[in-house]
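Remarks on the overall topology
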Amino acid sequence: GDHRDLRSFPSRRSAVLWMRGFGLGDLPGTGLGAEARGRLPDRGTRGEARFLAIGQGPIAVTPLHVAQMAATLATRQLRSPILVLEGGPPQTRSVAPGTDEAWHIVRDGMDKVVNDSRSQTAYKYFHGRGLSFRGRPVEPLGIRVCGKTGTAETSPRLVDTTGDGRADVRIEGNMVWFMGYAPKDDPKIALAVLLESVAAADGGGARNCAPIAREIFRLCQQLGYIQ
C-alpha cells in the first residue's frame with residue numbers, strides 16, 4: 001500500500017474533529033433521553049492510531065451513530081436524525097470534512113464491498129443464485145447498495161435469565177455489523193444492522209447482517225421509499 005510518513009498524518013485533535021464531523025462522540029440529536037455520546041480517543045499515540053486503523057482501540061459508538069455515519073457518507077452532509085411519528089427537535093445539518101478524492105475512494109470501496117464479484121465479504125449475499133432469507137428463496141435487489149461489514153470482539157457477558165439478581169448464564173460471541181446506503185447514485189435510505197453475541201463459528205457481519213440489510217432495503221422498495 002501507500003506507506004506515508006506518520007508525521008504527515010493529522011494530529012489527534014484534528015482526527016477527533018474529523019470523527020465529530022461524522023457525528024461520532026456526540027449525541028445524534030433525536031431528543032430522546034436514552035441517546036448516548038459514545039467515546040472518542042483522548043490520547044494521541046501512534047500505537048492508538050494503529051489500533052484505530054484496524055477497527056480496534058478506544059472508540060465506542062451506538063447503532064444510531066453508525067447509521068448516521070452511513071447517511072453522511074451517502075450525502076456528504078451530517079444530518080441529525082428525526083423521529084417522524086413522534087416529533088422532536090428540528091433537523092440540523094453540516095457539511096462533513098474531506099477532499100473530493102477521499103470521498104470518492106470511500107464510496108468506491110463501499111460499492112465494491114457489495115457489488116464487486118471479487119469481494120470476499122458482502123457480494124454473495126446481494127447477488128447471484130441461491131439467495132434466501134429465513135428459509136425462502138429471494139431475488140437479488142434491483143438497486144445498487146453500498147455498504148461495509150464489520151465484526152467487533154467482545155468480552156463474555158453474564159446475564160440474569162431468572163430475574164433473581166444472580167447472573168446465571170455466560171454468553172460469548174462477537175458484535176457483528178453491516179452499515180450502508182442505497183441507491184448508490186441517488187441515496188434515499190441509510191441503515192446499520194447490529195447483532196450481539198454471535199459465535200465466531202457462525203461468521204461475521206457479512207453472513208449474519210448483510211441479508212437482513214438486503215431485506216430492509218427490499219421492504220423500503222415495496223413501501224415506495226426507494227424507486
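Structure shown above.
So, a few notes on the structure that sits alongside this text.

When helices and strands are counted, the chain shows 5 helices and 9 strands. Listing every helix and strand of the chain by position from the N terminus yields α-α-α-β-β-α-β-β-β-β-β-β-β-α. If you line up the chain on its principal axes, its C-alpha atoms span 50 × 50 × 45 Å. Residues counted as buried form 32% of the 227 residues belonging to the chain. A sequence separation of at least 24 residues applies to 58% of the contacts in the chain between residues at least 6 apart. Side chains of the chain carry 30 positive and 23 negative charges; the gap between the two charge centres is 4 Å.

With that settled, consider the packing of helix α3 (residues 63-75) against helix α4 (residues 100-115). Between α3 and α4, the shortest axis-to-axis distance is 10 Å and the interhelical angle comes to 115 degrees. Considering how the two elements wind past one another, α3 and α4 form a crossing that is left-handed. Seen from α3, the contacting residues are T72, L73, A74 and T75; seen from α4, they are W103, V106, R107 and M110. Here the contact of α3 with α4 is composed, by residue class, of 5 nonpolar, 2 polar and 1 charged.

With that settled, the discussion passes to the layout of surface pockets. Its volume calculated, the second largest pocket comes out at about 700 Å³. The wall of the second largest pocket is formed by 21 residues, among which A71, P81, I82, Q91 and A190 lie closest to the centre. Sorting the residues of the lining of the second largest pocket by element identifies α3, β1 (77-79) and β9 (189-198) as the ones contributing at least two each. A total of 7 residues in the lining of the second largest pocket trace back to one element, the largest contributor, which is α3. In the lining of the second largest pocket, the residues fall into 13 nonpolar, 6 polar and 2 charged.

This part covers the side chain of R214. Tracing the sequence through the fold places R214 in helix α5 (residues 205-222). Side chain to side chain, R214 and E215 meet in a polar contact 2.6 Å long. Setting aside residues no more than four positions away along its own chain, R214 makes contact with Y125, F126, L131, S132, F133, V138 and L141.

With that settled, consider the nonpolar core. The biggest cluster of nonpolar side chains holds 22 residues, and the ones touching the most others in it are V114, A122, F126, I143, V145, F178 and F217. For this core, the secondary-structure elements that each account for two or more residues are α4, β8 (174-182), β9 and α5. At 6 residues, α5 tops the list of elements feeding residues into this core. Apart from residues lying up to four places away in sequence, V145 is in contact with D111, V114, N115, F126, F178, Y181, A182 and F217. Counting residues in hydrophobic clusters, the runner-up holds 12 residues, among them F22, A70, A74 and M179.

The 3 strands lie next to each other as β5-β8-β9, forming an open sheet whose pairing is antiparallel. Of all strands in the sheet, those bounded by a partner on one side alone are β5 (146-152) and β9. Neighbour to neighbour, the strand axes of the sheet diverge by 10 degrees on average, direction disregarded. Alignment of β5 against β8, held across 7 bridges, turns out to be antiparallel.

Cis geometry is adopted by the peptide bond preceding P183, which originates at A182 and carries an omega value of -15 degrees. Locating P183 in the fold gives a position in the loop between β8 and β9. Positive phi, normally seen in glycine, also occurs at R76, with a value near 65 degrees. Its location among the elements puts R76 in the loop between α3 and β1. Take R76: its relative accessible area is 23%, and that puts it in the partly exposed class.

Before going further, it helps to examine the pairing of β9. Pairing of β8 with β9, which is carried by 8 bridges, proceeds in the antiparallel orientation. Residue pairing for β9: V176 is matched across the bridge by L195. Counted along the chain from β8 to the antiparallel partner β9, the turn is 6 residues long.

About the criteria used
- Residues numbered from 1 in each chain as written.
- Predicted model: local features only at pLDDT ≥ 70, side-chain atom pairs only at ≥ 80, totals over all residues.
- Heavy atoms only, no water.
- Helix = DSSP H or I, 4+ residues; strand = E, 2+ residues; numbered from the N terminus.
- Buried < 20%, exposed > 50% of the residue type's maximum accessible area, 1.4 Å probe, protein only.
- Contact = heavy atoms within 4.5 Å.
- Lys, Arg positive; Asp, Glu negative; His and termini not counted.
- Charge placed at Lys NZ, Arg CZ, Asp CG, Glu CD.
- Axes fitted to C-alpha atoms, helices over the stretch in contact; angles between N-to-C directions.
- Left-handed = near helix turned anticlockwise from the far one by under 90°.
- Nonpolar A, V, L, I, M, F, W, Y, C, P; charged D, E, K, R; others polar.
- 1 Å grid on protein atoms, 1.4 Å probe; cavity = no way out; pocket = protein on both sides within 12 Å on 5 of 7 lines; lining within 4 Å.
- Points joined across faces, edges and corners; volume = space filled by probe spheres on them.
- Polar contact = N/O pair within 3.5 Å; in protein donor to acceptor, adjacent residues only side chain to side chain.
- Core = buried A, V, L, I, M, F, W, Y, C linked by side-chain atoms within 4.5 Å.
- Pairing = 2+ DSSP bridges.

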